[in-house]
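Residue-level structural notes
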Amino acid sequence: MMTKIAMLGLGSMNGAILTGLLGSGVPTEDVVGTARSAASAQQRSQQYGVTVLSEEHDDAANTTAAAQADVVFLGVKPHQIVDLCSGIKDALQPQAVVVSVAAAVTVEMMESALAPGQPVLRAMPNTPMSVGAGVVGLSPGSAVGHDQTEMVAQLLGAAGSVHVLDEQQIDALTGVAGSGPAYAFYLAEHMAAAGVEMGLDPELAADLAAQTIYGAGKMLIENRGQNDAAQLRRNVTSPNGTTQKAIETFDAAGMDATIRAGAQASAARAAEITAQLRG
Ligand SMILES: NC(=O)c1ccc[n+]([C@@H]2O[C@H](COP(=O)([O-])OP(=O)(O)OC[C@H]3O[C@@H](n4cnc5c(N)ncnc54)[C@H](OP(=O)(O)O)[C@@H]3O)[C@@H](O)[C@H]2O)c1
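Cut-offs applied
- Residues numbered from 1 in each chain as written.
- Predicted model: local features only at pLDDT ≥ 70, side-chain atom pairs only at ≥ 80, totals over all residues.
- Heavy atoms only, no water.
- UniProt positions renumbered as here; feature names shortened; annotations may be inferred.
- Near = heavy atom within 4 Å.
- Polar contact = N/O pair within 3.5 Å; in protein donor to acceptor, adjacent residues only side chain to side chain.
- Areas by Shrake-Rupley, 256 points an atom, 1.4 Å probe, with all protein chains shown as cover.
- Helix = DSSP H or I, 4+ residues; strand = E, 2+ residues; numbered from the N terminus.
- Contact = heavy atoms within 4.5 Å.
- Axes fitted to C-alpha atoms, helices over the stretch in contact; angles between N-to-C directions.
- Parallel < 35°, antiparallel > 145°, perpendicular 65-115°, else oblique.
- Left-handed = near helix turned anticlockwise from the far one by under 90°.
- Nonpolar A, V, L, I, M, F, W, Y, C, P; charged D, E, K, R; others polar.
- Buried < 20%, exposed > 50% of the residue type's maximum accessible area, 1.4 Å probe, protein only.
- Pairing = 2+ DSSP bridges.
- Right-handed = clockwise from strand over helix to strand, strands pointing away.
- Salt bridge = Lys/Arg side-chain N within 4 Å of Asp/Glu carboxyl O.
- Patch = residues over 30% accessible without salt bridge, like charges linked within 9 Å, V, L, I, M, F, W, Y side chains within 5 Å.

The name recorded for the chain in an unreviewed UniProt entry is Pyrroline-5-carboxylate reductase, from Nesterenkonia sphaerica. According to the UniProt record, the Pathway (unreviewed entry) comment for the chain is "Amino-acid biosynthesis; L-proline biosynthesis; L-proline from L-glutamate 5-semialdehyde: step 1/1." In its Subcellular location (unreviewed entry) section, the UniProt entry covering the chain states "Cytoplasm".

All right, on to the site of the ligand then. As a matter of local geometry, the ligand sits amid 23 residues, with S12, M13, S37, S40 and V76 nearest to it. One of the backbone N or O atoms of S12 is found 2.9 Å from an oxygen atom in the ligand. One nitrogen or oxygen atom from the side chain of S40 is found 2.7 Å from an oxygen atom belonging to the ligand. With the chains in place, 79% of the 900 Å² that the ligand exposes on its own is no longer accessible. Of all the elements in the fold, those that place two or more residues in the shell around the ligand are α1 (12–23), β2 (31–35) and β6 (120–125).

Turning next to the environment of G195. Mapped onto the secondary structure, G195 falls in helix α8 (residues 180–197). Beyond its immediate stretch of four places on either side in the chain, G195 contacts L200 and A205.

We now examine the UniProt feature "binding site: NADPH" (unreviewed entry) in the chain. The UniProt feature table records "binding site: NADPH" (unreviewed entry) at N62. Inspection of the secondary structure assignment puts N62 in helix α3 (residues 61–67). Excluding residues that lie within four positions of it along the chain, N62 makes contacts with L8, T34, E55, L84 and I88.

Attention now goes to the packing of helix α7 (residues 170–178) against helix α12 (residues 255–278). Running from N to C, α7 and α12 cross one another at 140 degrees; their axes reach a closest spacing of 7 Å. As judged from the angle between their axes, α7 and α12 are oblique. Note on packing geometry: the crossing formed by α7 with α12 is right-handed. Here D171, A172, T174 and G175 of α7 lie close against α12, whose contacting residues are A263, S266, A267, A270 and A271. Tallied by class, the residues present in the contact of α7 with α12 amount to five nonpolar, three polar and one charged.

Where burial is concerned, most of β2 is hidden: five out of the five residues are buried. Here β2 shows two buried faces, one formed by V31, G33 and A35 and the other by V32 and T34. Of the pairings in the sheet, the one linking strand β1 (residues 5–8) to β2 comprises four bridges and is parallel in character. Paired with M7 across the strands is G33, a residue of β2. A crossover links β1 with its parallel partner β2, the connecting element being α1, and its sense is right-handed. Relative to strand β3 (residues 51–54), β2 runs parallel, the two sharing four bridges. Its bridge partner being in β3, T34 is matched across the sheet by L53. In this fold, the crossover linking β2 to β3 by way of helix α2 (residues 38–48) has right-handed handedness.

Right, let's get into the pattern of salt bridges. Considering all chains together, one arrives at six salt bridges under this definition. Between D30 and K4 there is a salt bridge, with its nearest N and O atoms 3.1 Å apart. One end of the pair, D30, is in the loop between α1 and β2; the other, K4, is in the segment before β1, and 26 residues separate them in sequence. Residue classification places K4 among the partly exposed positions, given a relative accessible area of 35%. With a closest N to O distance of 2.8 Å, R122 and E167 form a salt bridge.

The next subject is the packing of α7 against α8. As a packed pair, α7 and α8 sit with axes 5 Å apart at the nearest point and diverge in direction by 25 degrees. One finds that α7 runs roughly parallel with respect to α8. The segment α7 lies against α8, with T174, G175, V176, A177 and G178 engaging G180, P181 and Y183.

So, about a nonpolar patch on the surface. On the surface, L200, L204 and L208 cluster together into a nonpolar patch covering about 230 Å² of accessible area. With respect to the secondary-structure elements, L200 resides in the loop between α8 and α9 (202–222). What makes L200 partly exposed here is its relative accessible area of 35%.

The following block contains the structure:
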C-alpha cells in the first residue's frame, strides 16, 4: 500500500521535502498540499505536479488534505502550528502520523492540541532535502510507534540523512543543520563578492564559490572516518603559503568564535520562541 501524504503549508521547507520525496519516486497522486492563498496554491501545484488546496478558496482545505493522509507534514510558521493541529484534530485518521517541521514547537504543544493517542513526530529538516542531500532530526512523541517512526524515517531518508534524537537536542541540531545551509550560502556570497572585488566576472565568481563549497562538502562526506574537517583544511594549507594567510586573517577576526556564536544564537532563538509560544 502506498503512503498517502499531506503537506499542510507548502512553502520553502515542505516544498524542499516534497521535491526530495518526488525525486525518490513518491508518486504525485499520493500527495496533497495546502497553502494559504489561491495564487500560491496554483503556483505550487504547477511547480510540483501535485494537488494543492488553498485556505483562501476553501476553509476546509487543511482538513480535506489531512483526512486522506497516512503522514501529515505541518509546514506553517511556528506560531500557526497549534491552531493548525486543533483545526485538523477531528479530521485525522487515528493512526495518521503528524510530523511538524516547525522550529520551537514542542511535541507536548502539538499533543495537547490533537486527540489523545495521535502519533506525533517533531522534525527539524533543512532545505538541501530538495536535492536529496538534507539532514533531518526526528523526535518521537509519546504515542508514535517505533514502526511509524521508522516508516517516516525511511520516507525522509530518501532525501537526506535522518537522525532520531531526544527532543532536548533538537534546538542544537537546528543551530548546526536546520539553519546551517544559510551559513554555507553566506560563505558563498562573500567568497563570490571577494572574487568580483578582485576583478572576476560575477557569474564566474559565483560558479567558483558554488563549485568550491560543493567539492569541499563532498570531500567532507567521502573522508568521514579518515580525515576530519580540520585535517582536510590542513591539507590545503601549505606552510607560509596563500591559504595560511587567509586562515590567519579569519582567526585574527575571531571568525572561529563567531561561527560558533552564530550557531548557538540560532539554537537559543529556538528556545526563546518556545518560551514565547508557552506564553
Ligand atoms: N525554511 C527553512 O529552511 C526551514 C528549515 C527547517 C524548518 N523550517 C520550518 O518550516 C516552517 C515553514 O517555514 P518556511 O520557511 O517553509 O515558510 P514559508 O515559505 O513562508 O511557507 C509557509 C507556507 O505555509 C502556508 N500557510 C500559511 N498559513 C496557512 C494555513 N492556515 N493553512 C495552510 N497553509 C498555510 C503559506 O501559504 P502562502 O504561500 O499562501 O502564504 C506557505 O506556503 C516553519 O515553521 C519553520 O520553522 C523551515
